[in-house]
Every structure is written in structure tokens, then in C-alpha cells.
Amino acid sequence: MTQTKENIEIIENEITKMGYLSPKEFLNIVEHTSNSLNLKIVKNHINWATYQKRKNRDVVCYTHIFSTVNTNKKPIKPAVWMLPTSPLPDNIYLTFKYAFDFTFNIKTKEIKHLKVLYSHHNHQETPSEYLQINIVDSDIKNLLVSYVKDSILNIIKQFTR
């Protein structure tokens, strides 16, 4: 079961009113940072879903926002999840994740228990742990811009021969 378009707009508006970035703003950060480093986005994806309905019209929801960047760097060894004999991929892809986890009351249109998370995965290693953003973080946009840029630069440095 997925959220209706109307409910998604209500949820996005409420989340941005609280001071967090919308999924589109996050994807724009990744795209702008990638473009400034002459890298290409290979996939953007926003997945809204619900996984539990409760009797009081609350629905437990989540969204995962993914943006995958081609780093133009060739891996120097198989990924931890690959067989040692597997051929190496042509490039390392870096996926950024931004996620909302919350309860939404369909009747009152209220969001409760909101968690905003971010992480990355370079497809050669196990994914980084999700980090939670708290609204007390003074500048969420700059926090995420720095996170994306630093992650890309670290991968490029790590795989530059």
C-alpha cells in the first residue's frame, strides 16, 4: 500500500515547515554537488510507503530517497559482498540515502514520531550507518551539502591510483 499523492504533499509540506529538506531539495543537493565535480547522476528515486495501519487512523510510514552518482573511479578490489573471482565493475557508484520514518494520522493529517535519517553506500563496502538529523541542528542544508561533498571526495581520493 502506498501513500496518496495528496497525503504525500501534505506530509512533505509539514516536514519542510518543521525545518527539514524536502526529498526534491535533497536530490538537488546531490545533483549540484555531483555536477560541480563533473560527475553524473545515474539514478534518482523517491519511494513513499506505509507498512502498518492502526485502529486510530494512524499509519506508520517511511520514505527512502536515493540518489546514485557515478564516481568515474574503478574499484581496486571486489566488494565485500562479491565473490573473489567476480569481475570488477567498470565504476564505483555512490548512493546517497535520505529517509523519513514517522506516523501519519490520516484524519487529522498530523505527523508524529518523525525521524529524519541520512547515509551513503559506495557499493564496494557495507553501507554507512544511518545518522539522524535533529531539528536543533542549526543548518540542515549545509550539514547535508558537506556530507555529500565529503563522501564523494573521500571515495574519489580512496580510489585514485
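Rules and cut-offs
- In this convention, every chain numbers its residues from 1, walking through the sequence in written order.
- Local features in this predicted model are restricted to residues of pLDDT 70 or higher, and side-chain atom pairs are both shown and tallied only at a pLDDT of 80 or more, whereas totals for entire chains, interfaces and linings draw on every residue.
- Side-chain calculation: all heavy atoms of the structure are included, whereas hydrogens and water are not.
- Helix and strand assignments come from DSSP, with helices taken as H or I runs of at least 4 residues and strands as E runs of at least 2, each series counted from the N terminus.
- For every residue, the accessible area obtained with a 1.4 Å probe (protein chains only) is divided by the maximum for its type, and the residue is called buried under 20%, exposed over 50%, and partly exposed between those limits.
- Here, residues are in contact when the closest pair of their heavy atoms is within 4.5 Å.
- Only residues above 30% relative accessible area that lack a salt bridge enter a patch, with like-charged residues linked at up to 9 Å and the nonpolar side chains Val, Leu, Ile, Met, Phe, Trp and Tyr linked at up to 5 Å.
- Reported accessibility uses the Shrake-Rupley method at a 1.4 Å probe radius. Residues are deemed covered only where the shown protein chains occlude them.
- For this analysis, a salt bridge means a side-chain nitrogen from Lys or Arg found within 4 Å of a carboxyl oxygen belonging to Asp or Glu.
- Pairs of N or O atoms are called polar contacts if they sit within 3.5 Å, as long as, within protein, a hydrogen donor faces a hydrogen acceptor (for residues adjacent in sequence, only side-chain-to-side-chain pairs).
- The predictor's confidence in any single residue is recorded as pLDDT, a number from 0 to 100.
- Stacked, tilted and edge-to-face pairs are distinguished by plane angle, under 30 degrees for stacked and over 60 for edge-to-face with tilted covering the rest, among Phe, Tyr and Trp rings (Trp via its six-membered ring) whose centres lie within 6.5 Å.
- Here the axes come from fitting lines to C-alpha atoms, over the contacting stretch only for helices, and the angles between their N-to-C directions go from 0 to 180 degrees.
- The labels follow the angle: roughly parallel below 35 degrees, roughly antiparallel above 145, roughly perpendicular from 65 to 115, and oblique for the rest.
- Handedness of a helix crossing follows the sense of rotation of the near helix relative to the far helix, less than a right angle counterclockwise being left-handed and clockwise being right-handed.
- Throughout, the ten residues Ala, Val, Leu, Ile, Met, Phe, Trp, Tyr, Cys and Pro are labelled nonpolar, Asp, Glu, Lys and Arg are labelled charged, and all others, Gly among them, are labelled polar.

J.: Residue-level account of the overall build of the chain, with values.
T.: Helix and strand counts for the chain stand at three helices and five strands. Counting from the amino terminus, helix and strand elements in the chain follow one another as α-α-β-β-β-β-β-α. Each principal axis of the C-alpha atoms in the chain carries an extent, and together these give about 55 × 35 × 25 Å. The buried share of the chain, taken over its 161 residues, is 40%. Expressed as a percentage of contacts within the chain between residues at least 6 apart in sequence, the contacts between residues at least 24 apart total 63%.

J.: Lay out a nonpolar patch on the surface with the relevant residues and their values.
T.: Residues Met18, Ile135 and Val136 make up a contiguous nonpolar surface patch of roughly 280 Å² in combined accessible area. Overall, Ile135 belongs to the partly exposed group, its relative accessible area being 42%.

J.: Quick one: what's the story with the side chain of Asn7, residue by residue and with numbers?
T.: Relative to the helices and strands, Asn7 is located in helix H1 (residues 5–17). We classify Asn7 as buried; its relative accessible area is 8%. Within polar-contact distance, the side chain of Asn7 engages the side chain of Lys109 at 3.3 Å. Leaving out residues up to four positions away in the same chain, Asn7 has contacts with Phe104 and Lys109.

J.: How would you summarise the confidence of the model for the chain if you had to cite specific residues and measurements?
T.: Confidence in the prediction of the chain, expressed as mean pLDDT, is 87, and 96% of residues score 70 or more. Helix H2 (residues 23–36) holds the highest mean pLDDT among the elements of the chain, 94, whereas H1 holds the lowest, 87.

J.: Describe the packing of aromatic side chains, listing the residues and the values that go with them.
T.: Counted according to the given criterion, the structure contains six aromatic pairs. A centroid spacing of 6.4 Å and a plane angle of 75° characterise the contact between Phe96 and Tyr147, whose relative ring orientation is edge-to-face. In this pair, Phe96 is assigned in strand E3 (residues 93–105) and Tyr147 in helix H3 (residues 140–158), connecting sequence segments 51 residues apart. For the pair Phe96 and Tyr147, a shared accessibility class is recorded, and that class is buried. A connected cluster of aromatic rings, assembled from ring pairs, spans Phe26, Trp48, Tyr98, Phe100 and Phe102.

J.: Please set out the side chain of Ser151 residue by residue, giving values where relevant.
T.: Here Ser151 shows up in helix H3. When sequence neighbours within four positions are dropped, the list of residues in contact with Ser151 reads Leu94, Phe96 and His120.

J.: Which residues make up the pattern of salt bridges, and what values go with them?
T.: By the definition in use, this model includes two salt bridges. When the shortest N-O distance is used, the salt bridge between Lys17 and Glu14 registers 3.2 Å. One end of the pair, Lys17, and the other, Glu14, are both in helix H1, three residues apart, so they sit about a helical turn from each other. With relative accessibility at 27%, the residue Glu14 sits in the partly exposed group.

J.: Would you mind going over the packing of H2 against H3 in detail, with residue names and values included?
T.: In the contact formed by H2 and H3, the axes pass within 10 Å of each other and the chain directions differ by 40°. Taken together, the axes of H2 and H3 are oblique relative to one another. Where H2 crosses over H3, the handedness of that crossing is right-handed. Contact residues: Phe26, Ile29, Val30, Thr33 and Ser34 in H2; Lys141, Leu144, Val145, Val148, Lys149 and Ile152 in H3. Taken together, the residues of the contact of H2 with H3 sort by class into seven nonpolar, two polar and two charged.

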